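One-letter residues, chain by chain:
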Number of protein chains: 2
Amino acid sequence: MKKFDQQQIDQILKKRFFIAQSAHIYGGVSGLYDLGPPGLSVKTNILTLWRKHFVLEEDMLEIETTTMLPYDVLKASGHVDKFCDILVFDEVTGDCFRADHLVSDALEKLPSTEGITEDLQRVDCMGCQEIDEVILKYNIKSILGNKLSKSQQFNLMFGTQIGYKGDQTMFLRPETAQGQFLNFKKLYEYNNGKLPFASASIGKAYRNEISPRSGLIRVREFDQAEIEHFVLAEEKDHPKFGTVKEVKLKFIKEVGTEEITLGEALERKIVCNETIGYYIGRTALFLIDLGIDRELLRFRQHKKEEMAHYAKDCWDAEIYTSYGWIECVGIADRSCYDLKCHEGASKVDLRCKKKLSHPKEVEEWVLKLDKKEWGAKLRNRFSALMEMVNGFTQEYIEQNISSSEEKKNYLNVKFDGHVISFECSKVKNKVFVENIIPDVIEPSFGVGRILYALLEHSFYLREDLRPVFKFKPVIAPIQCAIGYLIHFNEFDEHILKIKRFLTDNGLVVHVNERSCSIGRKYSSCDELGIPFFITFDPDFLKDNMVTIRERDSMQQIRVEVEKCSSIVLEYIKGLSKWN
Amino acid sequence: MKKFDQQQIDQILKKRFFIAQSAHIYGGVSGLYDLGPPGLSVKTNILTLWRKHFVLEEDMLEIETTTMLPYDVLKASGHVDKFCDILVFDEVTGDCFRADHLVSDALEKLPSTEGITEDLQRVDCMGCQEIDEVILKYNIKSILGNKLSKSQQFNLMFGTQIGYKGDQTMFLRPETAQGQFLNFKKLYEYNNGKLPFASASIGKAYRNEISPRSGLIRVREFDQAEIEHFVLAEEKDHPKFGTVKEVKLKFIKEVGTEEITLGEALERKIVCNETIGYYIGRTALFLIDLGIDRELLRFRQHKKEEMAHYAKDCWDAEIYTSYGWIECVGIADRSCYDLKCHEGASKVDLRCKKKLSHPKEVEEWVLKLDKKEWGAKLRNRFSALMEMVNGFTQEYIEQNISSSEEKKNYLNVKFDGHVISFECSKVKNKVFVENIIPDVIEPSFGVGRILYALLEHSFYLREDLRPVFKFKPVIAPIQCAIGYLIHFNEFDEHILKIKRFLTDNGLVVHVNERSCSIGRKYSSCDELGIPFFITFDPDFLKDNMVTIRERDSMQQIRVEVEKCSSIVLEYIKGLSKWN
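Because the structure is predicted, anything quoted here is derived from the model rather than measured.

Caption draft 1: Main features of the pairing of strand E12 (residues 248-253) of chain A. Residue and element names in this part refer to chain A. With 6 bridges connecting them, E12 and strand E13 (residues 256-261) associate as antiparallel partners. By the bridge assignment, Leu 249 is partnered in E13 with Ile 260. Sheet topology places E12 next to strand E14 (residues 297-301); 2 bridges connect them, and they run parallel. When the sheet's bridge partners are listed, Ile 252 is paired in E14 with Arg 300.

Caption draft 2: Representation of the interface of chain B and chain A in the model. Each side of the interface is counted separately: chain B has 86 residues, and chain A has 87 residues. Among the residues chain B hides against chain A, the three largest losses belong to Ile 25, Tyr 26 and Tyr 164 of chain B. Together they make up 12% of the total. At the junction of chain B and chain A, the tally comes to 12 salt bridges. Between Lys 43 of chain A and Glu 64 of chain B there is a salt bridge, with its nearest N and O atoms 2.5 Å apart. The interface formed by chain B and chain A contains 39 residue pairs in polar contact (both at pLDDT 80 or more). Sorting elements by how many residues they give to the side of chain B that touches chain A places helix H2 (residues 37-56) of chain B first, with 5 residues.

Caption draft 3: How the structure looks around unusual backbone geometry. Residue and element names in this part refer to chain A. Backbone torsion omega between Leu 195 and Pro 196 reads -10°, so that peptide bond is classified as cis. Looking at the element boundaries, Pro 196 is found in the loop between helix H9 (184-190) and strand E10 (197-206). At Leu 465, a position not held by glycine, the phi torsion is positive, near 75°. Structurally, the position occupied by Leu 465 is in the loop between strand E21 (459-461) and strand E22 (467-469). Take Leu 465: its relative accessible area is 58%, and that puts it in the exposed class. For Met 554, which is not a glycine, the phi torsion comes out positive at approximately 60°. Tracing the backbone shows Met 554 in the loop between strand E26 (545-550) and strand E27 (556-560).

Caption draft 4: Structural view of the domain arrangement of chain A. Each domain of chain A was delimited in the assignment, giving domain 1 (6-78 + 159-338 + 439-450), domain 2 (85-154), domain 3 (353-436) and domain 4 (478-573). One C-alpha centre belongs to domain 2 of chain A, the other to domain 4 of chain A, and the line joining them spans 57 Å.

Caption draft 5: Expanded view of helix H12 (residues 337-346) of chain A. Residues and elements named next belong to chain A. Those residues of H12 not exposed but buried are Asp 338, Leu 339, His 342, Glu 343 and Ser 346. Seen along its axis, H12 keeps its buried residues to an arc of 130°; they face one direction. Considering only its buried residues, H12 is in contact with helix H3 (71-76), helix H8 (177-182), H9 and strand E11 (221-231). Where H12 terminates, the next one or two residues include Lys 347, which has phi positive at roughly 65°.

Caption draft 6: Quick look at the confidence of the model for chain A. Within chain A, residue pLDDT values average 92, and 100% of them lie at 70 or more. The ipTM for the predicted assembly is 0.89, set against a pTM of 0.90.

Caption draft 7: Layout of the sheet that holds strand E17 (residues 352-368) of chain B. All names here are of chain B. If you walk across this open sheet you meet the 3 strands as E17-E19-E18, and the pairing is antiparallel. At either end of the open sheet lies a strand with only one pairing partner, and these are E17 and strand E18 (410-415). On average, each strand axis in the sheet is tilted by 45° relative to the strand beside it, whichever way the strands run. Examined bridge by bridge, E18 and strand E19 (residues 418-436) share 6 bridges and lie antiparallel to one another. Paired with Tyr 410 across the bridge in E19 is Glu 423. Packing against the sheet, helix H13 (residues 371-378) makes contact with E18 and E19, and its axis sits at approximately 115° to E19. Across the sheet, helix H14 (residues 382-390) touches E17, E18 and E19, and the angle it forms with E18 is around 130°.

Caption draft 8: Quick look at the packing of helix H5 (residues 99-109) of chain B against helix H6 (residues 114-122) of chain B. All names here are of chain B. At a closest axis distance of 10 Å, the pairing of H5 and H6 adopts a crossing angle of 160°. With respect to their mutual orientation, H5 and H6 come out roughly antiparallel. The chirality of how H5 crosses H6 is left-handed. Residues Ser 104, Leu 107 and Glu 108 of H5 lie in contact with H6, whose contacting residues are Ile 116, Asp 119 and Leu 120. Looking at the contact of H5 with H6 residue by residue, the class counts come to 3 nonpolar, 1 polar and 2 charged.

Caption draft 9: Quick look at the relation of the copies chain B and chain A. Mapping chain B onto chain A leaves a residual RMSD of 0.1 Å; the transformation is a rotation of 180° accompanied by 0.0 Å of translation along its axis. As the rotation angle and translation indicate, the two copies are arranged about a two-fold axis. Minimal C-alpha separation from the rotation axis in chain B is found for Thr 160 of chain B, amounting to 2.6 Å. Comparing contact sets, 100% of the residues at the interface of chain B also lie at the interface in chain A, consistent with an isologous, same-surface contact.

Caption draft 10: Looking closely at the packing of aromatic side chains. Tallied over the full model, the rule gives 60 aromatic pairs over all chains. Here the aromatic rings of Phe 184 of chain A and Tyr 188 of chain A are separated by 5.7 Å at their centres, their planes lie at 20°, and the arrangement is stacked. You can see Phe 184 of chain A and its partner Tyr 188 of chain A sitting in helix H9, 4 residues apart, about one turn around the helix. In this pair, the class of Phe 184 of chain A matches that of Tyr 188 of chain A, namely buried. Relative to Tyr 452 of chain B, the ring of Tyr 323 of chain B has its centre 5.8 Å away and its plane inclined at 55°; by these criteria the two rings are tilted. On the criterion of sequence distance, the pair formed by Tyr 323 of chain B in the loop between strand E15 (313-321) and strand E16 (324-335) and Tyr 452 of chain B in helix H16 (residues 447-458) is long-range, its members being 129 residues apart. Ring pairs connect the aromatic residues Phe 181, Phe 184, Tyr 188, Phe 197 and Phe 230 of chain A, which therefore count as one cluster. The side chain of Lys 377 of chain A reaches across the aromatic face of Trp 374 of chain A, ending 4.4 Å from its centre. Sitting above the plane of the Trp 325 of chain B ring, Arg 298 of chain B keeps its charged end 4.2 Å from the centroid.

Caption draft 11: The arrangement of the side chain of Asp 316 of chain B in detail. All names here are of chain B. Mapped onto the elements, Asp 316 comes out in strand E15. A relative accessible area of 2% places Asp 316 in the buried class. A polar atom in the side chain of Asp 316 sits 2.7 Å from the side chain of His 302. In this structure, Asp 316 is in contact with Arg 298, Phe 299, Arg 300, His 302, Glu 327, Val 329 and Gly 330, ignoring residues within four places of it in sequence.

Caption draft 12: Quick look at helix H5 (residues 99-109) of chain A. Listed in full, the buried residues belonging to H5 of chain A are Ala 99, Asp 100, Leu 102, Val 103, Ser 104 and Leu 107 of chain A. Buried residues along H5 of chain A sit in contact with strand E5 (84-89), strand E6 (96-98), helix H6 (114-122) and helix H7 (128-137) of chain A.

Caption draft 13: Local environment of the environment of Leu 249 of chain A. Residue and element names in this part refer to chain A. Mapped onto the elements, Leu 249 comes out in strand E12. Residue classification places Leu 249 among the buried residues on the basis of a relative accessible area of 4%. It is 6.1 Å that separates the C-alpha atoms of Leu 249 and Thr 261, two residues lying 12 residues apart in sequence. Filtering out sequence-adjacent residues up to four positions away, Leu 249 remains in contact with Glu 258, Glu 259, Ile 260, Leu 262, Ile 280, Ala 284 and Phe 299.

Cut-offs used in this document
Residues numbered from 1 in each chain as written. Chains lettered and ligands numbered in written order. Predicted model: local features only at pLDDT ≥ 70, side-chain atom pairs only at ≥ 80, totals over all residues. Heavy atoms only, no water. Pairing = 2+ DSSP bridges. Helix = DSSP H or I, 4+ residues; strand = E, 2+ residues; numbered from the N terminus. Contact = heavy atoms within 4.5 Å. Buried area = accessible area lost by both parts, 1.4 Å probe. Salt bridge = Lys/Arg side-chain N within 4 Å of Asp/Glu carboxyl O. Polar contact = N/O pair within 3.5 Å; in protein donor to acceptor, adjacent residues only side chain to side chain. Buried < 20%, exposed > 50% of the residue type's maximum accessible area, 1.4 Å probe, protein only. Domains from an automatic or database assignment. Arc of directions from axis to C-beta. pLDDT = per-residue confidence, 0-100. Axes fitted to C-alpha atoms, helices over the stretch in contact; angles between N-to-C directions. Parallel < 35°, antiparallel > 145°, perpendicular 65-115°, else oblique. Left-handed = near helix turned anticlockwise from the far one by under 90°. Nonpolar A, V, L, I, M, F, W, Y, C, P; charged D, E, K, R; others polar. Least-squares fit on C-alpha atoms with pLDDT ≥ 70 in both. Phe/Tyr/Trp six-rings, centres within 6.5 Å; stacked < 30°, edge-to-face > 60°. Lys NZ or Arg CZ within 6 Å of the ring centre and 35° of its normal.

The following block contains the structure:
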């Protein structure tokens, strides 16, 4: 397997301000990183490609939802109860460890017997009780050699309070997905009531990691780019599966690794439906397009016990880096788990309509309210009340209706501290559709991890050991640099003109004004992965020619200054090839 | 002044999913909004223009920093102590009010005497004591008529805890600026040690508003696009001021409003330096470019007492909307306040170097450490320690040096729970530079407010009262729609071809497949502000012609299908004009 020099890469990333630890002048906070100009630029380029490759190509509905979500939402989604790590403590020092890490490390040091291998494979899926049993069985100690406490669950969400009372708990979202589920009904309407469709969202998510190590791989605040593809459970064929069926990939299931086409994987039921298969294929094409080495990419299916609480099937796109194989994209079939949870907890109908072959007659509850009275009382919150009530499912109304001597049938609704009484009556309707909660297939991209893997895969050393990033032009933080051997005033107007032309064509251009040798200027640009460098030298004053130097071949061509910008533009757009 | 129908606009924004209240199916959270596909698209277009107009045009260094910051950072910046609202409580019900809002509302209802007008103007700048005095003086009651409590400060930051111990307080950042200040030294290095330069950052900021009303104007989670222009205090001339000096704007100071050019404003010292003036001009051009009505834009200088705790001078770009004049951009001279605070608190030198006309000799402390011992102990945290220590100012070392019998001069440094002893010795150096903390001029854009103002300014009703958004093509969420009167299979390949061509040219295209009248299709696209609509009708089968309809004139032209995409592209790129 390819070797990466992690220390050397990290050093360059820091030196050239690709990344920096957050609040580093205060000693830093582990698991929090800032992106400097080149790091941010590469990330932005990755996201621009992502948006083109997925959102625009498939007409996805991109939305942006808040990073803060109320307790009720994350209670319903299962995150309050299940988004946890298991911790153990050193009974002497009080130091805290992630139980799965500690147990894995300990078992890996033991002679590998069948029993130990089996336990090792299961560590990720163990609950507190099993962890305690394994610790006892192998007599595992803390890294200082002390006795360990009983294990305990620790929730990984960051909590905060909203408003002045301090009694309304909010969480920083653990995934962007929930915001998309909460808006499902609006998305479905925006899509004119048609299924399947996909929504997408790019944004921050948070995870209170216990002891983040591993640089950009395990952080507490990160970018997710997530797609939620809503589709009826029995309709998971995909019309465009044919476009990816010849894509050959490494698949790893519990039984072992195979390199086969997606078409074969589907046929042999390694991949269980066309929609999951299509997204696996598109994900692979996207990653390879960015510059990820295809030999260092594989798709691994989750073991049953390893899957998140919401998932029915899950594939990880794993990329090999100096940290080993790391999960960069998760493609999960979440079934109808989330929408069902939110429908149950919010009492709002989250179903879509499927045409019936024969219409049928049903009786439905209709709710009425004194709008004048409550409109005046609730003012601008009135429409939020009505929206909520209009979303009630028939089941919910049925279960919660009351009647008294004075009032026949009524439903009491709690809202903003009021109890509001709605009159209920039953009405006969003929229906032509069935209401169904759709399934959702979710490709979820960890942007920071992809960024880091791409940095490693792009990094190399020249024979003289000078470092280079071989970014594709579309990924490079800066596409072209302009400089000179020695400065002459005559250069300036040309430099400005070249810069204006390339900038107007959407490129990022850097004018290198440092007073150092041209060799050092080239090295400095190589460290940022800038693919082209236009150089003015004193001969320019005689022949009006400049030199274009290409980063990886280090070859140079001499061209007329008037033509150099369009030549560079053609190389960058891939319209002509170097050599 | 122009009238806006707020209710009607809000209704369309909600109906067409420009915006939605966050977690609306759970009753919503006030002050938190999600952006649906058209709302997000308009916002993204605003930010793309912003990046072009500011970051690329001025070679700013764009970075992205974490939304979570440690307590120490915000204590040093003054936010822990001063980023507060003053609250009063109804003594009977316990209801809470923002004191400035309550007092203003009460005073506005009183007959306007000189004393009342004066108090009214000062409400924004009052401390707790003054608020209590005013409440007593005018006998102000809660909105229910009850007695009010003594006023109290309420900090507007959202706090959370990081790690498992719950003892490390973090805040969600109240502004992106702090992340830029924390990285000042790295930015300065990246810029090869040259001043002035500007950094920029786009990202979320948070503010725990007490009782957010006013829709998108006053929210708890919002996007900021901030520029920090670092410059020496005595060098605030700007080489490009000449490019904006003829721009005519409405200026409002305590004395009144005037419409004059920026050049005149500078001459008459209404604006105090060229750099502030340049950013005022560029901001105005940017807002007008987006589609903000220039008649509804003015620049207002803050009163001294009204300025944020860090500001020396501040101008707001105010835009008139249905909520009145609202602050959308703040352009502040923060002087060296922030860098000085962080240097003091972090002990890290945040100075830049200014060449001396004559070199001078100085004695400086140099620190030494047993690197082997501490490298082994601290492992991957060792470089963070060295970075911190290398940043210590001479003053700090001087003040904290100790000596004992065994050790001569040493400095104890606390780091990650260790106390680490550095050996200190004095060394003579000849210096050619002076170390200075630069000032910073900060244009800070409230993206959500600009978005909302732009939506209002773009909205109008046709004579038949159908609503339209007159977005410029570069702002419109979708640039072109394609549809038909009745569907024929022959259309499909052409529709796909047009869509592919326009998408490849960077436009967003929507194929309208709804089965409704063409009139309704047009209205539906007008509500999203789509500027062009290409229609196929049955005649196409005979003549291969389609109709292009322009949104605002509602005029239509009939063109050959092969040419229609390039014609639309020319209109959208502004290369030809619709007459």
